[in-house]
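Architecture at a glance
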Amino acid sequence: MQSQIIGTGACIPDNIITNEALEKLVDTSDEWIVSRTGIRERRRINSNEASSDLAYTSAKRALKNAGLKPDQVDLILVATATPDMLFPSTACMVQGKLGLKNIPAFDLSAVCTGFIYGLATADAFIKSGVYKTILLVGVDTLTKFIDYKDRTTCVIFGDGAGAVVIKATKEKKGIIASKLYADGSKWDYIHLPGGGSRIPSYKSDRNTYYLKMKGNDTFKVAVRGLEQAIVTLLKQCCISTSDIDIVIPHQANIRIIEALARKLDYPMEKIFVNIQKYGNTSAASIPIAFDEAIKENRIKDGDIILMTAFGSGLTWGASLIRW
Ligand code: ACO
């Protein structure tokens, strides 16, 4: 059995935060943000909405695109670091909104690498014959956890959701393989200390609810980690970089993407980039970019697609797909 992606969908909030708007909040400039990150604007969810609202809309769009009714799904996976609440899972919230009962639903926590972890999990369930049709959503609403007085983080992150429907097929199409990594010794590189069992909400001050990031340290390990995941995965699959038709990377920083292209000697024109519009949407960034790449006719039948991401945990990984 192969795990074929048969539908995609995305949901991006309407509210735009421009670099000019951030210039009014912190000591920064459009020039600094564009040259250091590639970001021109990012989106922000309404204060009365949560991750499951974006996830639900992206899921409905992916199901429609796949030509399936919600009751044809037999597992829901949601990759998120910003669930509606500590529990129940956002996947259960999405299941309820879709009007489904009697199928399993659970969240995956690998932050910016969440979608790659989700692809690998869905692929394992399908290849082992446990489930046949899986809805996988990547969603994050990190603007809810950003200190808009901290210039080192507030310029980076935006909100969004992207979803895919993955179906068992006997055709030679779909997820070829994935490679996943983690290094928990560097958990403090990117973290959100408050609200969990270490610092429960009733004991914490507002500052513990804000995302903390050692940006520069993360940058260096990110480039090395992405390269390691890609080189190992390509070797395992006997595929070379020249066989890859398009790369859909996590959109964290344009300089990380450019450094990776240099290390792999891979042309930037074949790497899909939309960071300028949405910033870093964490687990949503790859499925949003994937949906856009398909809509822009950047992917054709038989293409080999490489997806790769790096994030808090630390976690990183890559997936290869035959379209
Ligand atoms: N505007 C102006 N100046 C700024 C800003 C800003 N928004 N932010 C930082 N600076 C300043 C710093 O204070 C520093 O000033 P100093 O030299 O006087 O001390 C200077 O700019 C350089 O700071 P660096 O942190 O070295 O800047 P860098 O070039 O590394 O860019 C960035 C920072 C954009 C965060 C980058 O390091 C990065 O993208 N890191 C990787 C992030 C990432 O991939 N995270 C993983 C996924 S996220 C997740 O999992 C949730």
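The structure contained in this document is the topic of the report that follows. (Residues numbered from 1 in each chain as written. Predicted model: local features only at pLDDT ≥ 70, side-chain atom pairs only at ≥ 80, totals over all residues. Heavy atoms only, no water.)

1. Some details on helix 3 (residues 51-66)
Put simply, the rule is: Secondary structure follows DSSP: runs of H or I at least 4 residues long count as helices, runs of E at least 2 residues long count as strands, and numbering of each begins at the N terminus. A helix is expected to span 1.5 Å multiplied by its residue count minus one. The buried label applies to any residue whose accessible area, calculated with a 1.4 Å probe on protein chains only, is under 20% of its type's maximum; exposed applies above 50%, and partly exposed to all values in between. As used here, the arc is the angular range of directions from the helix axis to the C-beta atoms. When checking whether two residues touch, look at their non-hydrogen atoms; a contact exists if any pair is within 4.5 Å.
Along its 16 residues, helix 3 runs 22 Å from first to last C-alpha, staying within 8% of the 22 Å computed at 1.5 Å per residue. Along helix 3, the residues classified as buried are S51, S52, L54, A55, S58, A59, A62, L63 and A66. Here the buried residues of helix 3 occupy an arc of 165° about the axis, which is enough to place them on one side. On the buried face of helix 3, the contacting elements are strand 1 (2-11), helix 4 (90-97), strand 6 (133-141) and strand 7 (159-169). Just beyond helix 3, the residue with positive phi is G67, at close to 75°.

2. Considerations on the packing of helix 3 against helix 4
Formally: Helix axes are fitted to C-alpha atoms over the stretch in contact, other axes to C-alpha atoms as well, and angles between N-to-C directions run from 0 to 180 degrees. An angle counts as roughly parallel when it lies under 35 degrees, as roughly antiparallel when it exceeds 145, as roughly perpendicular when it falls between 65 and 115, and as oblique in every other case. By convention, the crossing between two helices is left-handed when the near helix turns anticlockwise from the far helix through less than a right angle, and right-handed when the turn is clockwise. Residues are grouped as follows: nonpolar covers Ala, Val, Leu, Ile, Met, Phe, Trp, Tyr, Cys and Pro; charged covers Asp, Glu, Lys and Arg; every other residue, Gly included, is treated as polar.
Between helix 3 and helix 4, whose axes approach to 9 Å, the crossing angle comes to 55°. Classed by the angle they form, the pair helix 3 and helix 4 counts as oblique. For the crossing formed where helix 3 meets helix 4, the hand is right-handed. Counting all contacts with helix 3, which are made through S51, S52, D53, A55, Y56 and A59, the residues of helix 4 involved are T90, M93, V94 and K97. Grouping the constituent residues of the contact of helix 3 with helix 4 by class yields 5 nonpolar, 3 polar and 2 charged.

3. Looking at the site of the ligand
Selection rule: Near residues are defined by distance, with any heavy atom within 4 Å of the molecule or strand qualifying the residue. For this analysis, a polar contact is any N or O atom pair within 3.5 Å, provided that within protein one partner can donate a hydrogen and the other can accept it, and provided that sequence-adjacent residues contribute only side-chain to side-chain pairs. To measure how exposed things are, a 1.4 Å probe is used in the Shrake-Rupley method; for residues, cover is taken only from the protein chains shown. Start and end positions for the domains come from either an automated domain assignment or a database one.
Inspection of the region around the ligand gives 26 residues, with T28, R36, C112, N253 and R255 positioned closest. N216 is positioned with one of its side-chain polar atoms (N or O) 2.8 Å from an oxygen atom of the ligand. Within the side chain of R255, a nitrogen or oxygen atom sits 2.8 Å from an oxygen atom of the ligand. For the ligand, the accessible surface in isolation is 1000 Å², of which the surrounding protein chains cover 76%. Elements with a minimum of two residues in the shell around the ligand: helix 2 (30-37), helix 6 (151-154), helix 7 (215-237), helix 8 (254-264) and strand 12 (304-311). Per-element tally for the shell around the ligand: the top contributor is helix 7, with 4 residues. A breakdown of the residues in the shell around the ligand according to their chemical character gives 12 nonpolar, 10 polar and 4 charged. Two domains each put at least three residues into the shell around the ligand: domain 1 (2-172) and domain 2 (175-322).

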